[in-house]
Amino acid sequence: MIFQFLSEARLELVDATSKYSEQSSNTADKFLNEFEFYLQKLISNPYRRSEDNVGARRQNLKKYPYSIIYMIYQEKIIILAIAPHRKKPYYWKDRLEKYS
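Residues numbered from 1 in each chain as written. Predicted model: local features only at pLDDT ≥ 70, side-chain atom pairs only at ≥ 80, totals over all residues. Heavy atoms only, no water.

Novice: How should I be thinking about the nonpolar core in this particular structure?
Specialist: Across soluble globular proteins, you tend to see nonpolar side chains buried next to one another. In terms of nonpolar packing, the biggest core is built from 20 residues, with Phe31, Tyr66, Ile68, Ile79 and Ile82 touching the most fellow members. Counting only elements with at least two residues in this core, the list comes to helix 1 (7-23), helix 2 (25-44), strand 3 (66-73) and strand 4 (76-84). The element best represented in this core is helix 2, accounting for seven residues. When neighbours within four sequence positions are excluded, isoleucine 82 is seen to be in contact with Phe5, Ala9, Glu12, Leu13, Phe35, Tyr66, Ser67, Ile68 and Tyr91. Listed in part, the twelve residues of the second largest apolar core include Ile69, Met71, Ala81 and Tyr91. (Core = buried A, V, L, I, M, F, W, Y, C linked by side-chain atoms within 4.5 Å. Buried < 20%, exposed > 50% of the residue type's maximum accessible area, 1.4 Å probe, protein only. Helix = DSSP H or I, 4+ residues; strand = E, 2+ residues; numbered from the N terminus. Contact = heavy atoms within 4.5 Å.)

Novice: Before we go on, may I ask you to explain the environment of leucine 96 in this structure?
Specialist: As for its position among the elements, leucine 96 is in the segment after strand 4. Taking C-alpha positions, leucine 96 is 12 Å from arginine 57, a pair spaced 39 residues apart along the chain. The contact partners of leucine 96, leaving out residues within four places of it in the chain, are Val54, Met71 and Leu80.

Novice: Explain the pairing of strand 3 to me, please; I cannot follow it from the model alone.
Specialist: Counting buried positions over the eight residues of strand 3 gives seven, a clear majority of the element. Counted between consecutive antiparallel strands, the loop separating strand 2 (residues 57-60) from strand 3 contains five residues. Both strand 3 and strand 4 contribute to a ladder of eight bridges, which runs antiparallel. Of the residues in strand 4, the one forming a bridge with methionine 71 is isoleucine 78. Between the antiparallel neighbours strand 3 and strand 4 lie two residues, among them glutamine 74 with a positive phi of about 50°. (Pairing = 2+ DSSP bridges.)

Novice: Explain the side chain of arginine 95 here, please?
Specialist: Mapping arginine 95 onto the fold places it in the segment after strand 4. Separated by 2.9 Å, the side chains of arginine 95 and glutamate 12 make a polar contact. Sequence-distant contacts of arginine 95, defined by excluding residues within four places in its chain, comprise Leu6, Glu8, Ala9, Glu12, Leu80 and Ala81. (Polar contact = N/O pair within 3.5 Å; in protein donor to acceptor, adjacent residues only side chain to side chain.)

Here it is as structure tokens:
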């Protein structure tokens with residue numbers, strides 16, 4: 001299955017990577033490697049996570065306090081957010097409106 005990032009989600013990934021690169025390039029690389037690992041898991045089996053009450057799915061990263069928020073729409077994985085765990089839950093909910 002193919003995937004598509006919303007522009008907001010892409011910016012969140014860039015911001016998170018930048019935050020970790022301030023610590024060290026190694027930390028940023030490890031963050032991106034973990035992100036890519038879980039993204040590949042989603043691509044190979046997008047239905048492995050169940051939908052929440054707003055119709056999105058969540059894949060938590062194991063070593064970093066972020067989640068990949070996504071939905072399946074017309075046979076595509078839509079990456080809605082790269083959500084930090086400390087941010088208000090469902091701050092990204094309005095991004096679903098494009099797909100309702």
